[in-house]
Amino acid sequence: MAALKMAALLLLFTALLLLRGSFVRSQGLQVGFYDSYCPDAEDIVRSTVEQYYDKDATIAPGLLRLHFHDCFVQGCDGSVLIAGASSERSAPQNFGLRGFEVIDDAKSQLEAVCPGVVSCADILALAARDAVDLTGGPSWSVPLGRRDGRVSLASGANALPSPADPVSVQRQKFADQGLSDHDLVTLVGAHTIGQTDCQFFSYRLYNFTATGNPDPTISQASLQQLRALCPPNGGDPSRRVALDRDTPGAFDVSFFKNVRDGNAVLESDQRLWSDAATQGAVQKYAGNVRGLLGLRFAYEFPKAMVRMGSVAVKTGGQGEIRRRCSRIN
């Protein structure tokens, strides 16, 4: 009888632990979510990102952009990773996205040690954090517990900001995600390590608003430099150009100085200086005291990333944990 009572108590204790685990999982995102379920999860993602970064440092902005594009369409649910003729990944706004192989590699390693536990959406959030850290930017604790979405539609990519969007449209697209004007400027600061193609800004160099002239807000120094990189005839429209002309591989505040001084590459970035609602935030980061303002951006950027990474997340019993990131189970 004593043995039976002990067995019953053990079963009850196990059931309570399972219920507690289910309760915790249903409460939304939390730091250290995988500590009990897959304790090496964050280390595996970090080491994978490092391996790819060591071979090609430009993968860092690719991973950061991948997370951003995921969160702006149906929330941070890994839906941008799904392959298919009509998926988000196939939308024109997502042409040029990079880093899928990094996420797939990390996922395969995690499935080998913790099958069915770590979501692709969480891998994306961790990889974005690690990418910023590797380029000299801040690190932060990433709240985890996202589950993967089962829907991915190319039409949803219309929610993404465009390089030609005026500030009013950018502001609305960020507001639609529950993000403020301050979040907009802070998150666009990720362009400090970003790149873009000539085709997305060359109109500013030669025929802005069909006038046959360049965008008057571009400084003469930048105009000459960008024209040399992206000539009007015979140039490669897919040539990659750094969005930060001064320190393209370092996560710092020089991007904001470029915006202030008319050296931004994308029209959407330059417009942040001409709008009263966003100019103050740009000036705050650009400033004149490099060290002090760099610390301020390093403090604000992680907070904005956590807010963005929490947009419309699926938790608890929602969605699924994909076995392969490129397709639903």
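Analysis parameters
- Residues numbered from 1 in each chain as written.
- Predicted model: local features only at pLDDT ≥ 70, side-chain atom pairs only at ≥ 80, totals over all residues.
- Heavy atoms only, no water.
- Helix = DSSP H or I, 4+ residues; strand = E, 2+ residues; numbered from the N terminus.
- Buried < 20%, exposed > 50% of the residue type's maximum accessible area, 1.4 Å probe, protein only.
- Contact = heavy atoms within 4.5 Å.
- Areas by Shrake-Rupley, 256 points an atom, 1.4 Å probe, with all protein chains shown as cover.
- Lys, Arg positive; Asp, Glu negative; His and termini not counted.
- Salt bridge = Lys/Arg side-chain N within 4 Å of Asp/Glu carboxyl O.
- Polar contact = N/O pair within 3.5 Å; in protein donor to acceptor, adjacent residues only side chain to side chain.
- Phe/Tyr/Trp six-rings, centres within 6.5 Å; stacked < 30°, edge-to-face > 60°.
- Lys NZ or Arg CZ within 6 Å of the ring centre and 35° of its normal.
- Disulfide = S-S within 2.5 Å.
- Core = buried A, V, L, I, M, F, W, Y, C linked by side-chain atoms within 4.5 Å.
- Expected span 1.5 Å × (residues − 1).

A short note on the overall build of the protein chain
What the protein chain contains, in helices and strands, is 13 helices and 2 strands. Counting across all 329 residues of the protein chain, residues that qualify as buried make up 48%. Pairs at least 24 apart in sequence give 74% of the contacts found in the protein chain among residues at least 6 apart. Carbon and sulfur atoms make up 57% of the accessible area of the protein chain, which totals about 14,800 Å².

Let's talk about the side chain of R322
By the element assignment, R322 lies in the segment after α13 (290-308). Buried charge R322 goes without a salt bridge, the closest partner of opposite sign being E320 at 4.2 Å. Reaching out from R322, the side chain makes a polar contact with the backbone oxygen of D77 at a distance of 3.3 Å.

Some remarks on the pattern of salt bridges
Applying the stated criterion to the full structure yields 21 salt bridges. Across the salt bridge formed by R129 and E42, the nearest N and O atoms sit 3.2 Å from each other. Here the residue R129 occupies a position in helix α5 (residues 120-134), and E42 occupies one in helix α2 (residues 41-55), the gap between them amounting to 87 residues. For R129, a relative accessible area of 8% corresponds to the buried category. Residue D122 pairs with R146 through a salt bridge whose shortest N-O separation is 2.7 Å. With D122 in helix α5 and R146 in the loop between α5 and α6 (167-175), this residue pair connects regions lying 24 residues apart in the sequence. As far as the burial class goes, D122 and R146 line up, both buried.

Observations concerning the packing of aromatic side chains
All chains considered together, the criterion is met by 14 aromatic pairs. A ring pair is formed by W140 and F301, whose centres lie 6.1 Å apart and whose planes are at 75 degrees; its orientation type is edge-to-face. Of this pair, W140 sits in the loop between α5 and α6 while F301 sits in helix α13, placing them 161 residues apart in sequence. One exposure class covers both W140 and F301, and it is buried. In this structure an aromatic cluster arises from ring pairing among W140, F251, F255, F256, Y285, F297 and F301. Sitting over the face of the ring of Y52, K55 holds its NZ or CZ atom 5.9 Å from the ring centroid. Above the face of the F100 ring, R89 is positioned so that its terminal group lies 3.7 Å from the ring centre.

Things to note about the state of the cysteines
Throughout the structure, instances matching the rule amount to 4 disulfides. Across the disulfide, C38 is cross-linked to C114 (sulfur-sulfur distance 2.1 Å). Between C38 and C114 the disulfide shows an S-S torsion of about 85 degrees. By sign, it is right-handed. Here C38, found in the loop between α1 (2-26) and α2, pairs with C114, found in the loop between α4 (100-113) and α5; they are 76 residues apart in sequence, far enough to count as distant. Here C38 and C114 have matching classes, each one buried. The disulfide partner of C120 is C325, and the S-S distance across this bridge is 2.1 Å. Of note, the bridge from C120 to C325 carries an S-S torsion of about -95 degrees and is left-handed in sense.

Focus: the side chain of S79
Among the secondary structure elements, S79 is positioned in the loop between α3 (59-71) and α4. The class of S79 is buried, set by a relative accessible area of 0%.

Let's talk about the nonpolar core
Ranked by internal contacts, the top residues of the largest apolar core, which has 71 residues, are L64, L81, I103, F256 and F301. It is α5 that contributes the most residues to this core, 9 residues altogether. The contacts of F256, once residues within four sequence positions are left out, are V185, G189, V282, Y285, A286 and F297.

Some points on the environment of S180
Mapped onto the fold, S180 is located in the loop between α6 and α7 (181-188). For S180, a relative accessible area of 34% puts it in the partly exposed group. Along the sequence, S180 and A304 sit 124 residues apart, while their C-alpha atoms lie 9.4 Å from each other.

Brief notes about α3
A rise of 1.5 Å per residue sets the reference length of α3, with its 13 residues, at 18 Å; its end C-alpha atoms lie 19 Å apart and thus fit the reference within 8%. Of all 13 residues making up α3, 12 are buried, and the element is well covered by its neighbours. Here α3 has its buried residues at I59, A60, P61, G62, L63, L64, L66, H67, F68, H69, D70 and C71.

Describing unusual backbone geometry
With a phi angle near 65 degrees, Q74 is a residue other than glycine that sits in the positive phi range. As for its placement among the helices and strands, Q74 is situated in the loop between α3 and α4. For Q74, a relative accessible area of 37% puts it in the partly exposed group. We note that T209 has phi near 50 degrees; this positive angle belongs to a residue other than glycine. Position of T209 relative to the elements: it lies in the loop between α8 (203-206) and α9 (220-229).

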